[in-house]
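Chain residues, written in single-letter form:
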Amino acid sequence: PLRRVEKLAGLSSRVPFHKVDLTDREGLRGVFQQHSIGSVIHFAALKAVGESVQKPLAYYRNNVAGTLNLMDTMAEFGVKNIVFSSSATVYEAVYEGLPLREDNPLGCTSPYGRTKLFTESVIRDTVDASEGVNAIMLRYFNPTGAHESGTMGEAPLQAFPNNLMPYVSQVAIGKLPEVHVFGSDYNTRDGTGVRDYIHVMDLAEAHVIALKRLAENHGYEIFNLGSGNGQTVLEMIRAMSEACGRDIPYKIDPRRPGDIDTILCEPSKAAKVLGFTVRRDLKQMCTDLWRWQQANPNGYE
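Note on numbering: residues in each chain are counted from 1, in written sequence order. Residues qualify for local features only when their pLDDT is at least 70, as the model is predicted, and side-chain atom pairs are given and counted only at 80 or more; totals for whole chains, interfaces and linings, by contrast, use all residues. As a rule here, side-chain values cover all heavy atoms of the structure and leave hydrogens and water aside.

A word on the pattern of salt bridges
Inclusion rule: Criterion for a salt bridge: a side-chain nitrogen of Lys or Arg within 4 Å of a carboxyl oxygen of Asp or Glu. Only runs of H or I of at least four residues qualify as helices and only runs of E of at least two qualify as strands under DSSP, and these elements are numbered from the N terminus.
Within the structure shown, the criterion is met by 17 salt bridges. We note a salt bridge from Asp 72 to Arg 25, for which the minimum N-O separation is 3.9 Å. Placement of the pair is Asp 72 in helix H4 (residues 56–76) and Arg 25 in helix H2 (residues 25–34), with a sequence separation of 47 residues. Between Asp 288 and Arg 291 there is a salt bridge, with the nearest N and O atoms lying 2.7 Å from each other. With a gap of 3 residues between them, Asp 288 and Arg 291 both fall in helix H10 (residues 282–295), about one helical turn apart. Here the residues in one salt-bridge network are Arg 25, Glu 26, Arg 29, Asp 72 and Glu 76, joined through shared partners.

Written as structure tokens, this is what we have:
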């Protein structure tokens, strides 16, 4: 993937890369010793809601303990700026279908969500206790799509991807026989869960904006990243069917623990403060995802 990043960016040299786990404190210190780091974007986490219910300790160990090591190391080397990849799962699950604002009550329905909420708290307390430290929490809704070139995209390593759209695209290309839809009795227009999807390239652009804002010393800030519109699971399957020009088979299975009816983003704060709004619609998400899947049926292998 990094070779493809370099080509897309037109770089003449290689992107520095260190294969270090955040739970490896000394390995992490070694990276900071080798580079003059101005800001950190923290993406590193286990991220499957269902898996977190089954393996909560693994999620706390990886997501929370890893962040503690990162924050300690940043403090040791005087790195004062961080953008954190958070999640809409930090919000209390009393949605009633209303879009979520950054000041909505917080609460979690899964260990995964709690690890994101705990990590936000760790970072916020660090900002409050430290002079000149700035942090932006970006609460993602549901990223999907791929780079429009078809050379960069999501390549899950599991036999069955944890996220819906990689799963749908692998069924579309014939790697998997059918999509398993978890639950058809939600309080939604077709009985399947409604989520707010955002194109991964819109998400990437939001991170660039956030990095620039860190330099303005605003302390601790939170922004939702989503479109403000929601689609059901079945609507997403139909949209992908249109993109690939074939019907995508699916099967209704029982609901999963921790899943809820509807999650929608209220994106106005990001628009007002960051000047960020999504530019890519559902059709482009599916078109770009299908282009990636066709060109890379086995991911980066």
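Here we look at the layout of surface pockets
For clarity, the cut-off: Lining residues are those with an atom within 4 Å of a point, where the points come from a 1 Å grid over the protein atoms alone and group into cavities, where a 1.4 Å probe fits but cannot get out, or pockets, open sets with protein on both sides within 12 Å along at least five of seven lines. Grid points are joined across faces, edges and corners, and a volume is the space filled by probe spheres set on the points. Classification convention: Asp, Glu, Lys, Arg as charged; Ala, Val, Leu, Ile, Met, Phe, Trp, Tyr, Cys, Pro as nonpolar; all other residues, Gly among them, as polar.
Of the voids in this model, the second largest pocket is the one considered here, and its volume is about 240 Å³. Lining the second largest pocket are 18 residues, with Ala 155, Pro 156, Leu 157, Asn 298 and Gly 299 positioned closest to its centre. Elements with a contribution of two residues or more to the lining of the second largest pocket: helix H6 (164–172) and H10. Of the residues assigned to the lining of the second largest pocket, the class counts are 8 nonpolar, 7 polar and 3 charged.

Remarks on the environment of Asn 229
The test is simple: The buried label goes to any residue with under 20% of its type's maximum accessible area, the exposed label to any with over 50%, and the partly exposed label to all in between, with areas taken from a 1.4 Å probe on protein chains only. By the convention used here, residues are in contact when the closest approach between their heavy atoms is within 4.5 Å.
On the secondary structure map, Asn 229 appears in the loop between strand S8 (220–225) and strand S9 (231–232). Under the relative-accessibility criterion, Asn 229 is labelled partly exposed at 47%. When sequence neighbours within four positions are dropped, the list of residues in contact with Asn 229 reads Arg 195, Asp 196, Tyr 197 and Leu 264.

A look at empty space enclosed by the protein
By rolling a water-sized probe across the atoms, one finds the places where empty space is left. Taken as a whole, this structure holds 1 cavity of 30 Å³ or more when the rule is applied. Approximately 40 Å³ is the volume attributed to the largest cavity. Lining the largest cavity, in full, are His 42, Ala 44, Ala 45, Asn 63, Thr 67, Phe 84, Thr 115, Lys 116 and Thr 119. The element contributing the most residues to the lining of the largest cavity is helix H5 (residues 111–129), with 3 residues. Residue composition of the lining of the largest cavity, grouped by class: 3 nonpolar, 5 polar and 1 charged.

A word on the pairing of strand S5 (residues 179–182)
As a reminder, the rule being used: Any two strands with at least two DSSP bridges between them are considered paired.
Alternating residues of S5 divide into Val 179 and Val 181, all buried, and His 180 and Phe 182, none buried. When S5 meets strand S10 (residues 250–253), the two strands line up parallel, connected through 4 bridges. Among the inter-strand pairings, Val 181 is bridged to a residue of S10, identified as Ile 252.

Quick notes on H2
By the burial criterion, the buried members of H2 are Gly 27, Leu 28, Arg 29, Gly 30, Val 31 and Phe 32. Buried residues along H2 sit against strand S1 (39–42) and H4.

Thoughts on H6
Among the 9 residues that make up H6, 9 are buried, leaving the element largely enclosed by the rest of the structure. Buried residues along H6 sit against strand S4 (142–144), S5, strand S7 (197–199), helix H8 (233–244) and H10. One or two positions beyond H6, positive phi appears at Gly 174, with a value near 95°.

Here we look at the pairing of strand S2 (residues 81–87)
Where burial is concerned, most of S2 is hidden: 7 out of the 7 residues are buried. By the alternation rule, side chains of S2 split into Asn 81, Val 83, Ser 85 and Ser 87 and Ile 82, Phe 84 and Ser 86, which are all buried. With 4 bridges connecting them, S1 and S2 associate as parallel partners. Residue pairing in the sheet places Val 40 in a bridge with Ile 82 of S2. Bridging between S2 and strand S3 (residues 134–140) involves 7 bridges; their strand directions are parallel. The partner of Ile 82 across the bridge, within S3, is Ala 135.

Quick notes on the side chain of Glu 102
We apply this condition: Neither His nor the chain termini are counted; the positive set is Lys and Arg, and the negative set is Asp and Glu. Pairing of N or O atoms within 3.5 Å defines a polar contact, subject to two protein rules: one partner must be a possible hydrogen donor and the other a possible acceptor, and residues neighboring in sequence count only if both atoms are side-chain atoms.
Relative to the assigned elements, Glu 102 resides in the loop between S2 and H5. The side chain of Glu 102 is buried and forms no salt bridge, while Lys 269, the nearest opposite charge, is found at 5.4 Å. Side-chain polar atoms of Glu 102 contact the backbone nitrogen of Asn 224, separated by 2.7 Å.

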